[in-house]
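# Architecture and fold: a report
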Amino acid sequence: MKLPLSVRRGDPMIWFTGSALGTCLLMIAGLIGIVLTNGLGFFWPKSLVEVTLKDGSRFLGEPIQRQAIPKPGTPEHLEHYRIQLKLGNRDLLGYDFKWIDEADIVSRRQPTDAFYVERREYGPLLGSPVVLKEGEQVVAEGAAVWAALQPLVAKAERDRAAIERIEKDGIGEINFRIEQQRLALKRIEYREKQGGGKLGAERAEAARIVAEQEERYRVKQEALDKVLADAATTYVTFRAADGAEKELRTLDIFRIYPANELGVAGRAAIYASRIWEFMSADPRESNTEGGIFPAIFGTVMMVILMSLLAVPFGVLAALYLREYAKQGLAVRVVRIAVNNLAGVPSIVFGVFGLGFFVYFVGGGIDQVFFPEGLPTPTYGTGGILWASLTLALLTVPVVIVASEEALAAVPRSMREASIATGATKFQTILHVVLPAAAPGILTGLILAMARGAGEVAPLMITGVVKLAPELPLDGFFPFFHPDRKFMHLGFHIYDVGFQSPNVEAAMPMVYTTTIFLLLIIVALNLTAIVVRNRLRRKYQTSAF
Amino acid sequence: MATNALTVRELIAAQGDRIKRVKRLDRFAVFFISLGGIGIVASVLGILVFILSEAWPLFRPSQAAASGTVTLSLPAGGLGAEELRSRRSPHGTGAGFTPASEPVGQPLILGTDEYQLYLYDLTRNAEVHFFRLETGQLAHSFPFPGLGGAEVISASRSLLGDFVAAGTTDGRVGLGQIRFRPKYDANQRLEDLEIELRERGLVTLDPAGRPVRQVSYREDSGRKAVAGLVADDEIALWHRGEDETETQTTLRTRDGEKITELRLGRVDALVAGTEKGNVYHWEIEPETRLTDVAWVGASPVTALEWSLGGTTFLVGNQAGELSGWFRVRLCDEDADKALVKAHSFTAQGAPVRAITAATRDRSFASLGADGGVMLHHATSERLVLALPGAVPDAELLLVTPKSDGLIVSQAGGRMARFTVSNPHPEVTWNALFGKVWYEGYAKPEYVWQSTGATDDFETKFSLVPLAFGTLKGTLYALLFAIPIAVGGALYTSQFMHPNLKARVKPTVEIMAALPSVVIGFIAGLWLASVIERNVVAVLLMLVILPLSGTAGILVWNRLPQRLSQQLKPGMELFVLVPMMALGAWFAVALGPWVEASFFTPDFKLWLSATFALTYDQRNSLVVGIAMGFAVIPIIFTISEDAFSAVPSSLGAASLALGASRWQTATRVVLPTASPGVFSAVMIGFGRAVGETMIVLMATGNTPVLDWSIFNGMRTLSANIAVEIPEAHHGGTLYRILFLAAALLFAMTFVVNTIAEVIRQRLREKYRAI
């Protein structure tokens, strides 16, 4: 049999190579698809289902997934299905999720009085409201509770905001001042020990300030107690599907909605408010609930710091290599070496950052400037400054390479014209070459930022933590605290996905966090690509 | 014109200052930019230097320096009759008294505290003396509790906890413990130590009342054991278990072999060395039994000691040979463990007189009859220090509790002190890259296990399993990535419609920007469980996907001309992708059926029954796919550049001669661009070697030496990420991790440089064409 012409021509092989590319594109689409479907759907309020099982037990929950039951070696293998319900009520049941064999289900219904309650502790509560009390007095019962509860939930939000204001701004500031005085006292002690004589006056001053702040603290605490007492008078009792009852302070209710009564608009409103909360709030419940604001903030802040450090140095090195160094073998070797540094594993930079910045430089700073705090390190431990420096080092090769290319792309004629008008070399560089190369340098910067935003391994050992109580930027002098540890989206993904005590509940959070990280990175990259294309067009037209 | 020229000159003159300033600025810029540029380039390249300098102390030889001799002295005239009685000659047998002219009797044992403030000894008159180590002055003296002036002829001190035993001439053994409690002044500085000698009991070891010639005593968690040599071939053993039952046993060697040394170990095991060169090993719990008799060498055993942890014991003999032994189950089927000689060390030049173990690690010091002192590490067999003939007429040897010094006693109460700087005794090239015989292992192996549950854990620092894991992960990743990336690049550059090409390249570039933490997370939490449920389907895809592609082509060729002409060349992708998606779906649907028919009862059990392989959820298959995903864009982009850069005249010439598109691609373009493809693969290799987050998240991080695709690995990079936060700054683990980082650096740097040089050559070649 003679093979068809197309086969002899090698067309099937072309198809094979095409299928390689197809696999590649399918994988990208698959990854993005998985992240989007898992991440975007999480905040959409779903209907609640109540199932009654053969043994009479009842469960109310959000259906999560349906799966064939593997029973290898039996004829029933993958014949029957089970469903996974998100039950909430961890404090009542001891677990959040349950797999239920469909064969065990006697009946299913969607009760109209089923509510989904987001609260301070133990994850969501699923049940129906029974009674609303103010102190001991019953305010509403049964179906009337929902109407009476709505204004209280809105009030709870205001109360929480007020409490947070007192805690963060008022008490936080007092704590900050007391902590400063504690350090000042340590400094005094240290100086006394160093033979500075007794510093009684300074000691008394520090003690006076502490006493003053403690008095202020007492006042604030009283105000806080008052708000708390005022806010925490109303209680609502819910009944879960199995009949168990749980009393909640209305103050602790973050969000409540009748899951089976909502229309599309209502659901969309809840969806939007959840996304807003996710972006703007602090994490709760060991990062499995609440928002990721500190992580977004930390990521952006770290990337900015990194760029501020990497760009000047990268451009300086590129200027030297391209404009000032004598082009020869040595520069070629250096260029290759710098190029290859971009391929050195990031963890190696992390190790260097830990050994050099944290222990060597940071330890040195502590010895000289903060000896009173030792052995507790101030700068001799991971922090945002060290992490940014490490990443700057990691991305400097990227900036150098891109800037060099941009400098090389500036037409020779432009330089010659500038020199011919009598400008010095430096003036030429400053006023002609650098402006012309700026878009290219910018591309390099954005590529560096995209790489920096996605790196996690070096940060893990130079200053990222799973939960940072304070942002590196705040209202207390000196406002920017480069020694503080910080949170990062990438590390948040790793930490919540792999180190979380309750991975199942945290999983959707991880997907949503991933979307945010991807958004930041894709935005940076798209900008780089657009800028690069513009730059090319510009020089194609202006070339002589 | 002249006026004009004049004006210009005048203008220049008028602006002279400004021009000077500009020129100065220019000169300064040259200086500043050059200095800055060189500085930045140098400091970036200095990373490797710094990393190496942090790892370097691992291989620095240990230092020892004699730090003087102290002579212990008792206060003049302050000795009563009791003290005088103790002054018998070292080798006296119990009757004669030596003249009272000796300054200090020969001590039976020595000990010190961890700050090296005091030195204590136990003398024959049952007194414990505490001397200030700086001056040698007697500071305290306690009678040994419970002995009431009996004559002591043997003594022992435990390695940890300063448990002291004193054996008397009448068959009794007094037990005690010395405790040092630090006292601090107002500034939290150490002022002094409070000394206490606690009584721990009195044991009548030999009811017949024979002298206890040698004694050994161990106590831990309520259990006590005392062994004493009461005749040439007879050991009296007293033991009290956790349930407070006391047992007394008599142990004898075979054929009346004369016992020279005996020692109790932590796990209540007893070893004894004999004149014929044998060691006897008895197990004491749950019942006392002789487990092994092993032959060490032709000459008598002269020194015996357990190393830290009480699992390995060290033997020295008359010929100066030193060896380390422990018991281990050699095969899984063996009913009992066997005693093996796991380590042998550089020999002393003279008979070994004493061996003393260190308390911080598995180092031990040995003393030769010629006064030579050696320091070895038991696990790595490293000769840490050798001080030949350092202390003539040496008698006892003591390693200080922080392992930072040695004290050797000489006749006449002189104590020679040495300071030792030996921060990383466990590291040798062989320990890092070779097989080492660890406690509990049947044979020498490559093991990485840096921390354990207890302080006396034997650290295992072989980098081989980690390097192996790195290569294994990289290999599977490249196996997955190369065909897809190179095939895709060839298609994109040679066959694809230009309109599509403009979209595909940025897509792949976006793929390159996906952070590895995202890929790792999807791989570890989603892909791993999907693959676990569909292993068979995934394996089927290897066959079905190409088949479905082929089927697509066959179907396409049967289609009427009118339809197939709709598809321009280079738009095959639109048919292929749906066909492949269909093939993948088919494989998933077929998977359970295939599994049920061929792999009973299911794939995992079948795998373990047929090939004795275990299936880990996070395995190399997952890592291969995930890390392959991460390196595809790099290989794709660089090889696509290489293909596209092949001068189009070459391809055009080939096509003009009648070659098909495929022939042109494989016989003209591919060979010309092959160095570029090679360098793409090298750079992909470099990226996979250093990838951290993906392997951290998508494998179980167990350091195994096994090529199986169904279990995981631990790579150098993931190991650094996992362990460096716990590593003590400046400690052995910390430095080894820096060494691992230096290895990674060197590996990727070399590979990338080769790739870069090849690429540059290629570029020049194209320019020439």
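Quick notes on the rules
Residues numbered from 1 in each chain as written. Chains lettered and ligands numbered in written order. Predicted model: local features only at pLDDT ≥ 70, side-chain atom pairs only at ≥ 80, totals over all residues. Heavy atoms only, no water. Helix = DSSP H or I, 4+ residues; strand = E, 2+ residues; numbered from the N terminus. Rg over C-alpha atoms; globule rule 2.2 N^0.38 Å. Buried < 20%, exposed > 50% of the residue type's maximum accessible area, 1.4 Å probe, protein only. Pairing = 2+ DSSP bridges. 1 Å grid on protein atoms, 1.4 Å probe; cavity = no way out; pocket = protein on both sides within 12 Å on 5 of 7 lines; lining within 4 Å. Points joined across faces, edges and corners; volume = space filled by probe spheres on them. Nonpolar A, V, L, I, M, F, W, Y, C, P; charged D, E, K, R; others polar. Contact = heavy atoms within 4.5 Å. Buried area = accessible area lost by both parts, 1.4 Å probe. Salt bridge = Lys/Arg side-chain N within 4 Å of Asp/Glu carboxyl O. Polar contact = N/O pair within 3.5 Å; in protein donor to acceptor, adjacent residues only side chain to side chain. Core = buried A, V, L, I, M, F, W, Y, C linked by side-chain atoms within 4.5 Å. Domains from an automatic or database assignment. Axes fitted to C-alpha atoms, helices over the stretch in contact; angles between N-to-C directions. Parallel < 35°, antiparallel > 145°, perpendicular 65-115°, else oblique. Left-handed = near helix turned anticlockwise from the far one by under 90°. Phe/Tyr/Trp six-rings, centres within 6.5 Å; stacked < 30°, edge-to-face > 60°. Lys NZ or Arg CZ within 6 Å of the ring centre and 35° of its normal. Patch = residues over 30% accessible without salt bridge, like charges linked within 9 Å, V, L, I, M, F, W, Y side chains within 5 Å. Areas by Shrake-Rupley, 256 points an atom, 1.4 Å probe, with all protein chains shown as cover. Lys, Arg positive; Asp, Glu negative; His and termini not counted. Charge placed at Lys NZ, Arg CZ, Asp CG, Glu CD. Expected span 1.5 Å × (residues − 1). Bend = angle between axes of the 7 residues up to and from the residue.

## Details of the overall build of chain A
In terms of regular secondary structure, chain A is built from 15 helices and 13 strands. Scaling as 2.2 N^0.38, a compact globule of 544 residues should have a C-alpha radius of gyration of about 24 Å, whereas chain A reaches 31 Å, well beyond that. Oriented by its inertia axes, the alpha-carbon framework of chain A measures out at about 105 × 90 × 45 Å. Burial analysis of chain A (544 residues in total) assigns 50% to the buried set.

## Thoughts on the pairing of strand β27 (residues 405-410) of chain B
On any regular strand, side chains alternate: one points to one face of the sheet, the next to the other face. All names here are of chain B. Counting buried positions over the six residues of β27 gives six, a clear majority of the element. A two-sided burial pattern is seen for β27, the buried positions comprising G405, I407 and S409 on one face and L406, V408 and Q410 on the other. Pairing of strand β26 (residues 394-399) with β27 involves five bridges; the strand directions are antiparallel. Within β27, the position partnered with L396 by the bridge is S409. Linking two consecutive strands that pair antiparallel, namely β26 and β27, is a turn of five residues; a positive phi of about 60° is found at S403 within it. Relative to strand β28 (residues 414-421), β27 is paired through six bridges, and the arrangement is antiparallel. Paired with I407 across the bridge in β28 is R417. Here β27 folds back onto β28, and the loop between the two strands holds three residues, one of which, G412, carries a positive phi near 80°.

## Re empty space enclosed by the protein
Residues and elements named next belong to chain A. Per the stated rule, a full pass over the model turns up 11 cavities of 30 Å³ or more. There is about 350 Å³ of room inside the largest cavity. Lining the largest cavity are 22 residues; nearest its centre among them are F42, K86, Y116, E118 and E289. Top contributing element to the lining of the largest cavity by residue count: helix α6 (residues 264-280), with three residues. In the lining of the largest cavity, the residues fall into eight nonpolar, four polar and 10 charged. In this structure, the second largest cavity spans a volume of roughly 70 Å³. Here the lining of the second largest cavity takes three residues from strand β2 (residues 58-68), the largest share from any one element.

## Thoughts on the interface of chain A and chain B
Opposite the 83 residues of chain A that make contact, chain B presents 92 residues. Between chain A and chain B lies a buried interface of about 8,100 Å² when both sides are counted; carbon and sulfur atoms form 83% of it. Between chain A and chain B we count zero salt bridges in total. Summed over the shared surface of chain A and chain B, the number is three residue pairs in polar contact (both at pLDDT 80 or more).

## Quick look at the nonpolar core
Counting residues in hydrophobic clusters, the biggest one holds 206 residues, and the most contacted among them are A:Y494, B:V517, B:F521, B:M693, B:I720 and B:I724. Looking at this core element by element, the count peaks at 16 residues for helix α7 (residues 293-324) of chain A. No fewer than three residues from each of domain 1 (42-128 + 243-280) and domain 3 (293-538) of chain A sit in this core. Contacts of B:I720, omitting those with residues within four sequence positions, involve A:I347, A:V351, B:P725, B:L737, B:A740, B:A741 and B:L744.

## Topic: the packing of helix α6 (residues 498-513) of chain B against helix α12 (residues 620-645) of chain B
Residue and element names in this part refer to chain B. Where α6 meets α12, the closest approach of the two axes is 8 Å, and the angle between their N-to-C directions is 140°. If you check the angle between α6 and α12, you find them oblique. For the element pair α6 and α12, the recorded crossing hand is left-handed. Residues K501, V504, K505, V508, M511 and A512 of α6 form the contact with α12, whose own contacting residues are F629, I632, P633, F636, E640, D641 and S644. When grouped by side-chain class, the residues that make up the contact of α6 with α12 number eight nonpolar, one polar and four charged.

## Thoughts on the packing of aromatic side chains
Under the definition given, this model contains 40 aromatic pairs over all chains. An angle of 85° between the planes, with centres 5.2 Å apart, marks the rings of A:F352 and B:F50 as edge-to-face. With A:F352 in helix α9 (residues 346-369) and B:F50 in helix α2 (residues 16-55), the pair connects residues from two separate chains. Residue classification places A:F352 among the buried positions, given a relative accessible area of 6%. Looking at B:F50, the relative accessible area reads 13%, which means it is buried. Within the aromatic cluster, the residues linked to one another by ring pairs are A:F352, A:F356, A:F357, A:F360, A:W386 and B:F50. The ring of A:F254 is capped by A:R160, whose NZ or CZ atom sits 4.1 Å from the centre of that ring. Over the ring of B:Y438 we find B:K460; its NZ or CZ atom is 5.5 Å from the centre of that ring.

## Notes on a positive patch on the surface
A contiguous patch of positive charge, built from B:R18, B:K20, B:R21, B:K23, B:R24 and B:R27, is present on the exposed surface. Overall, B:R27 belongs to the exposed group, its relative accessible area being 56%.

## Section: helix α10 (residues 384-409) of chain A
All names here are of chain A. For α10, built from 26 residues, the straight-helix expectation of 38 Å at 1.5 Å per residue is met to within 8% by its first-to-last C-alpha distance of 36 Å. A bend of about 40° at T395 is the largest found in α10, and the proline P397 appears one to four places after it. Most of α10 is tucked away, with 20 of its 26 residues classed as buried.

## Concerning a nonpolar patch on the surface
Residues and elements named next belong to chain B. A cluster of nonpolar side chains, contributed by L25, F28, F31, F32 and L35, occupies part of the molecular surface with about 540 Å² of accessible area. Considering the arrangement of structural elements, one finds F31 in helix α2. Taking relative accessible area as the criterion, F31 reaches 51% and is therefore assigned exposed.

## Considering the side chain of B:T379
Its place among the elements puts B:T379 in the loop between β24 (373-377) and β25 (383-387). Sequence-distant contacts of B:T379, that is, excluding residues within four places in its chain, are made with B:H343, B:R362, B:V436, B:Y438 and B:E458.

## With respect to unusual backbone geometry
Residue and element names in this part refer to chain B. A positive phi is found at D393, a non-glycine position, where the angle reads about 40°. Looking at the element boundaries, D393 is found in the loop between β25 and β26. Exposure remark for D393: the relative accessible area of 40% places this residue in the partly exposed category. Here the phi dihedral of N701 falls at roughly 60°; this positive angle occurs in a residue that is not glycine. Inspection of the secondary structure puts N701 in the loop between α15 (693-698) and α16 (716-723).

## What about the pattern of salt bridges?
Residue and element names in this part refer to chain B. By the definition in use, this model includes 53 salt bridges over all chains. The shortest N-O distance in the salt bridge between R172 and D170 comes to 3.3 Å. Look at the salt bridges and you will find they share partners, linking E283, R289, D292, R327 and D336 into a network.

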